[in-house]
Amino acid sequence: MMNETNPILAETMNLIAGPNALNIARDVAARMQARLRWFIKGRDAVIDMIMIALLADGHVLLEDYPGSGKTTLAKALGDCLIPGPSD
């Protein structure tokens, strides 16, 4: 039983399954969106569509002209999902 050996995981699972689960999910999504907007300026519509696809368990194909920030956006999204050692 992982929950018995890892109290942090057990507490996290209780928060996710608790009565405030929707509020927690909204907070996480809002923080991710704010962080992406901090990394990528002026592409709010693209960030909104990526967040919708992420929350709907969909796929995203980034097509745009060279230098538009596609790679930066993908890296920022990855950092939001799986923080690096500095976070």
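Scroll up for the structure.
The structure reproduced in this document is the subject of the present report. Given the structure is predicted, the values throughout are model-derived calculations rather than measurements.

1. Quick word on the pattern of salt bridges
- Inspection of every chain in the model, using the stated rule, returns four salt bridges.
- As a salt-bridge pair, Arg37 and Asp44 come within 3.3 Å of each other at their nearest N and O atoms.
- Using a relative accessible area of 30% as the deciding quantity, one classes Arg37 as partly exposed.
- For Asp48, the salt bridge is made with Arg37, and the minimal N-O distance between the two is 2.5 Å.

2. Observations concerning the side chain of Ser68
- Inspection of the secondary structure puts Ser68 in the loop between α4 (44-55) and α5 (70-81).
- Look at Ser68 and you get buried, because its relative accessible area is 13%.
- At 2.9 Å, the side chain of Ser68 forms a polar contact with the backbone oxygen of Tyr65.

3. Some words on the nonpolar core
- Counting 11 residues, the largest nonpolar core is built from Ala29, Met32, Leu36, Ile40, Ile47, Ile50, Met51, Leu73, Ala76, Leu77 and Cys80.
- Secondary structure elements with two or more residues in this core: α3 (21-39), α4 and α5.
- Per element, the largest residue contribution to this core is four residues, and it comes from α5.
- When sequence neighbours within four positions are dropped, the list of residues in contact with Ala29 reads Met51 and Leu55.

Quick notes on the rules
The numbers attached to residues start from 1 for each chain and follow its sequence in the written order. Two thresholds apply to this predicted model, a pLDDT of at least 70 for residue-level local features and 80 or more for giving and counting side-chain atom pairs, whereas whole-chain, interface and lining totals are computed over all residues. The side-chain figures draw on all heavy atoms in the structure; neither hydrogens nor water molecules are used. In what follows, salt bridge is the name for a side-chain nitrogen of Lys or Arg lying within 4 Å of a carboxyl oxygen of Asp or Glu. Summary of the burial criterion: residues with accessible area below 20% of their type's maximum are buried, those above 50% are exposed, and those between are partly exposed, where the area comes from a 1.4 Å probe applied to protein chains only. Starting at the N terminus, helices and strands are each numbered in turn, a helix being any DSSP run of H or I of at least four residues and a strand any DSSP run of E of at least two. Within 3.5 Å is the distance limit for a polar contact, defined as a pair of N or O atoms, with the added protein rule that one can donate a hydrogen and the other accept it, and that residues adjacent in sequence qualify only through two side-chain atoms. Throughout this description, the term nonpolar core refers to a set of buried Ala, Val, Leu, Ile, Met, Phe, Trp, Tyr and Cys residues connected via side-chain atoms within 4.5 Å. By definition, residues are in contact when any of their heavy atoms lie within 4.5 Å.

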